Amino acid sequence: MNPPFSSGRLDSERVKLALAAGAIVGTWFWDVRQDLMMVDDALARAFDLDPGVAGTPVRLEQLLASVHPDDLPELEAAIAEAVRVGGRYAHQYRTRNTDGVYRWIEAIGRVELDADGKAVDFAGVLIDIHERRRVEGERDQAQTLLRSFIDAAPGVVYAKDRQGRMLLGNRGTTELIGRPPETYIGHTDAEFLADPEQAAAVMAADERIMSSGETEQLEEEVSYADGRRACWLSTKAPLRDASGAVVGLIGTSIDITDRKAAEARHREIEERYRLAAQATNDAIWDWRIADGTVVWNEALGTLFGHGRTGTDAQWWLDHIHSEDRARVESDIHDVIAGKESAWATEYRFRRADGSFASVLDRGTVLRDAAGAPVRMIGAMLDLTASRAAEAALAESEERLRLAAEASDLGFWDVDLVHDAMTWSARTKAMFGMSVDVEVSLQDFYASLHPDDRDAIRAAFEAASDPGRRALYDVEYRTIGRDDGVVRWIAAKGRGLFEAGRCIRVVGVVMDVTARRMSDARLHELNERLESRVREEVAERTRVEEALRQSQKMEAVGQLTGGIAHDFNNMLAAVIGPLDLLASRIGNDDPRARRYIDTAIDGASRAAQLTQRLLAFARRQPLQPVALDVNRLVAGMRDLLAHSLGASIQLETVPAEAVWRTHVDANQLENVILNLAVNARDAMPGGGRLTIATANCDIESDAADAQGLSPGQYVRISVSDTGSGMPPEVMAQAFDPFFTTKQIGKGTGLGLSQVYGFLKQSAGHVRLRSVVGRGTVVDLYLPRLADGADAPLPRLADAAAPPRGQHQRVLVVDDDPAVRQVSCDALSELGYQVLAADGAASALALLDTHPDIALLFTDVVMPDVNGPQLADRARARRPGLKVLFVTGNSGNMLLSDGVPDPAVHVIGKPFTLDALAMRVAAVLGPDG
């Protein structure tokens, strides 16, 4: 036996050179058959072994004792796998050296196998990668920190190359563009922005900045993906490389739309204030309390002759009459020092010619956030003319009283100074009083209806309040003091003020009882009409909402159906070649076989997802049969019990003499299993799942309420005792991709698949749920009057896929990749294959090859589709058998809403075994 380290096994010179360079920590050689391992001094030190073991046999367990506990399981698995499959070996892990410190190393070696595939030798070297791992960790941390900083930055942060292509963008960039990063990274603004003018403007500004090499700050008009427009403040700078050359552009942008709007509103308010000050006859003043500056409008000169617009507070006080000055100064400072904001008073103000004008001055204190006074703005009204008018008013009041007495109006006058009230005879009659009775304000309130008293008191107080001076315009009910008659009264009045207080409130009253009775009758009629209108509007709203929901589901169905069709074509070109490749490779290369199986598994899951999309879109190929739902549910008990687990109690309640229905048995099983799994997830603590069947005869009224056509149905009810759904979740439960589960726990296609399958099967699904009490899903399937009661056998149950007997098959598909895969698969199965890309070439081949036994055609093709081609082919060859292949049948293969039983279909994508079974079934004697 040769020694373990013979010159033919290890190149010692190369090892020495690597050790001298410091790259290799140590070397080993393992005679696997004798389980003897030899290590050098460096490797012994790396694994904290006695240096004396170098050159002597050691056990693998001695080396593994120094491996970090967290890395040991993966290392043992990697060694076992290398010994099993042979070839190159590489693995990274941590070992404890003589200092007791763990360091990262990489083991690189090779396992030699003998002719029987058994491991013989396993030799290799250890490389110290601790510093490299540390640098990589720091790099990854720095990149993560930079990415987090960019995403957390407010607004938009981005970088572009010299051609304007996006290099990176933060979350704000994604929100602005309205698309995921993969759709705009590597693209220019012209390629991903919907607005060409906006894209051109942005790229022109970017090019200017990169060409000039100067940083710029500019405002840009941008459009959001939802149509909103905004103004952004952008700061852009050239991006330079290490040599200083401009290689791109970096920028940040923040939304200043609100700020621009606020600035515009501020300018608008200032303009309004300026125009208002010019338009009013009052002397408007603005007092800045901090320095005492007072700014006036032009009315100061117009009213009082003072030719200035800027004064101070002391100038204003000096122009107040000496008898009024102390009172005014005290009043205004009390308001400023207190918590109130409004101030008003009357005083005498000296004009420029030395005369005094009686004025009413009002002001409002503006305070900061802490409540400190900052400014006071007010208006001074010249009362000189009003004083002259008061004398004329006294004379007119007497005339008014005489006129009121001559009409149906009653007159009243409340003297607040002397607490007296004067009513005319007509007014007293409206209150059911004698003419000679003395009245007071208290008598007035006592005569009011109790329901009106508080409102009338508040209206009178508002009219007599100097700060409000409201118009007294009310209607109320009186109860006659002497006759007890209830009357409706309309009253109007206004307060008279002097020296900042109300001295009188005068007005008139009118008996409006007849009018109020007429209004009441009219109101009653209007109420009836409005009630009917509300009912009609509510019903129309319900119908419109139902129509919108139907249109939404139909639109989403068309979209998802189209997507699923395209995916099925693509998946057919993936699964078919993988299946053929697997059959060719067999088990000769286990690793390649494992890779192929993994790819087929992933593609198959994608195919299942497209099947769910097609189910929702009501475009999946169905194979309905006459079915006894009681028999189907009973046959699923073991599967359901296994899927639900021990904590869920399963109960089935079959109805007696349940009707048969015409439905795809496999798809119905999937629907019931899907609902059972959803129910299980809603009962994490356990519960009860009940599956019940029943016959239902739906009348026309009930059909409209449930969205069904009148007729007879078989109902399958799946109910649970779980958490239930709130109304907002129920409203979206059948929407595709809607799910309440965590990310990665569900696709959101389960209930939408149920909805699509039931609709495609001319049935309906109804959802009932109460939060905390559970959910009930009712499946309605139309009754089948007659027919067989057993489902068709499943093709997958056959013992082995049959092979062809050299029959000739004509493959027609407009997709070259799918057509080639179909041809290769059929050839692999033992059939002679001809191929055509459309109807014209297919019919020509059919004429020249009378031995064609099967037309294998795609359903969806341009110009002439699959069913049309089949009709033309059978016109030439009546006995020709046809197998349709489809990723989305749409309505082409349907008869009265369901697939024709005489039509043979295989769905894309298909496996080699499924193809073999289906072709054999069609070509068989019962095909």
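Residues numbered from 1 in each chain as written. Predicted model: local features only at pLDDT ≥ 70, side-chain atom pairs only at ≥ 80, totals over all residues. Heavy atoms only, no water.

(A) Structural detail: the overall build of the chain. For the chain, the helix and strand inventory stands at 28 helices and 35 strands. Sorting the 927 residues of the chain into buried and exposed places 41% on the buried side. When contacts within the chain are restricted to residue pairs at least 6 apart in sequence, those whose partners lie at least 24 apart make up 56%. (Helix = DSSP H or I, 4+ residues; strand = E, 2+ residues; numbered from the N terminus. Buried < 20%, exposed > 50% of the residue type's maximum accessible area, 1.4 Å probe, protein only. Contact = heavy atoms within 4.5 Å.)

(B) Just the environment of Asn-865, in detail. You can see Asn-865 is positioned in the loop between β31 (852–858) and α27 (866–876). The exposure class assigned to Asn-865 is buried, which follows from its relative accessible area of 13%. Within polar-contact distance, the side chain of Asn-865 engages the backbone nitrogen of Gln-868 at 2.9 Å. (Polar contact = N/O pair within 3.5 Å; in protein donor to acceptor, adjacent residues only side chain to side chain.)

(C) Structural context of the nonpolar core. Ranked by internal contacts, the top residues of the largest apolar core, which has 37 residues, are Leu-668, Ile-672, Leu-689, Ile-691, Ile-716 and Leu-779. With seven residues, helix α21 (residues 665–681) is the largest single contributor of residues to this core. Setting aside anything within four residues of it in sequence, one finds Leu-779 in contact with Val-671, Leu-675, Val-714, Arg-715, Ile-716, Val-754, Leu-758, His-764 and Val-765. Residues Val-39, Phe-47, Leu-60 and Ala-107 belong to the second largest nonpolar core, which totals 29 residues. (Core = buried A, V, L, I, M, F, W, Y, C linked by side-chain atoms within 4.5 Å.)

(D) Looking closely at the pairing of strand β12 (residues 293–296). Side chains of β12 alternate between two faces, with Val-294 and Trp-296 buried and Thr-293 and Val-295 left unburied. Relative to β12, strand β11 (residues 283–288) runs antiparallel, the two being bridged by four bridges. Its bridge partner lying in β12, Arg-288 is registered against Thr-293. Hairpin geometry of β11 and β12 is characterised by an intervening segment of four residues between the two adjacent antiparallel strands and by a positive phi of about 80° at Gly-292. In this structure, β12 lies alongside strand β13 (residues 310–312), joined through three bridges in antiparallel fashion. Bridging from a neighbouring strand, Val-295 pairs with Gly-310 of β13. (Pairing = 2+ DSSP bridges.)

(E) The sheet that holds strand β32 (residues 881–886), seen in detail. If you trace the five strands from one edge of the open sheet to the other, you get β30-β29-β31-β32-β35, paired in parallel fashion. Only two strands of the sheet have a single neighbouring strand rather than two, namely β30 (832–836) and β35 (905–907). Taking the axes of each pair of neighbouring strands and ignoring which way they run, one obtains an average angle of 20° across the sheet. Looking at chain direction, β32 and β35 are connected through three bridges and run parallel. Looking across to β35, one finds that Thr-886 is bridged to Gly-907. Sitting on the sheet, helix α26 (residues 839–848) is in contact with β29 (808–812), β30 and β31, with an inclination near 140° to β30. This element, helix α28 (residues 912–923), spans β31, β32 and β35 of the sheet and lies at about 150° to β32. (Axes fitted to C-alpha atoms, helices over the stretch in contact; angles between N-to-C directions.)

(F) Fine view of helix α20 (residues 637–644). Every buried residue of α20 is accounted for by Leu-640, Ser-643 and Leu-644. Along the axis of α20, the buried residues cluster in a sector spanning 95°; they form a single face. Seen from the buried face of α20, the exposed residues on the opposite side, beyond 90 degrees, are Asp-638 and His-642. Gly-645 occupies a position one or two residues after α20 and carries a positive phi of about 90°. (Arc of directions from axis to C-beta.)

(G) Spotlight on the packing of aromatic side chains. Inspection of the entire model under this criterion finds 19 aromatic pairs. Ring geometry for Trp-423 against Phe-431: centres 4.5 Å apart, planes inclined by 35°, an arrangement best described as tilted. Overall, the relative accessible area of 10% leaves Trp-423 in the buried class. Of the residues examined, Phe-431 reaches a relative accessible area of 1% and is grouped as buried. Put simply, the rings of Trp-423, Phe-431, Phe-444, Tyr-445 and Tyr-476 touch in pairs and so form one group of aromatic residues. A cation over a ring is seen here: Arg-457 above Tyr-445, with NZ or CZ 4.1 Å from the ring centre. (Phe/Tyr/Trp six-rings, centres within 6.5 Å; stacked < 30°, edge-to-face > 60°. Lys NZ or Arg CZ within 6 Å of the ring centre and 35° of its normal.)

(H) Broad picture of helix α25 (residues 816–828). An ideal rise of 1.5 Å per residue puts 18 Å on 13 residues; α25 measures up with 18 Å between its terminal C-alpha atoms. The complete set of buried residues in α25 reads Val-818, Arg-819, Val-821, Ser-822, Cys-823, Ala-825, Leu-826 and Glu-828. Between a side-chain oxygen at the N-terminus of α25 and the backbone nitrogen of Ala-817 the separation is 3.0 Å; the capping residue is Asp-815. Gly-830 occupies a position one or two residues after α25 and carries a positive phi of about 100°. (Expected span 1.5 Å × (residues − 1).)

(I) Seen up close, a nonpolar patch on the surface. A contiguous nonpolar patch, built from Leu-529, Val-533 and Val-537 and spanning about 260 Å² of accessible area, is present on the exposed surface. Secondary-structure assignment places Val-533 in helix α17 (residues 513–585). (Patch = residues over 30% accessible without salt bridge, like charges linked within 9 Å, V, L, I, M, F, W, Y side chains within 5 Å. Areas by Shrake-Rupley, 256 points an atom, 1.4 Å probe, with all protein chains shown as cover. Salt bridge = Lys/Arg side-chain N within 4 Å of Asp/Glu carboxyl O.)

(J) Molecular detail of the environment of Ile-79. Topologically, Ile-79 is positioned in helix α4 (residues 72–85). The exposure class of Ile-79 is buried, given its relative accessible area of 11%. Residues Ile-79 and Tyr-89 lie ten residues apart in sequence; the distance between their C-alpha atoms is 8.1 Å. Those residues in contact with Ile-79 that lie beyond four places of it in its chain are Trp-30, Leu-60, Leu-64, Tyr-89 and Phe-122.

(K) Region of interest: the sheet that holds strand β15 (residues 356–367). Judged by pairing direction, the sheet is antiparallel, and its six strands sit side by side in the order β13-β12-β11-β16-β15-β14 without closing on themselves. A single partner strand is all that each edge strand has here, and the edge strands are β13 and β14 (342–350). Each adjacent strand pair in this sheet contributes to an overall mean axis angle of 25°, direction not counted. Of the strand pairs in this sheet, β14 and β15 are connected by nine bridges, and their pairing is antiparallel. Within β15, the position partnered with Glu-346 by the bridge is Leu-360.

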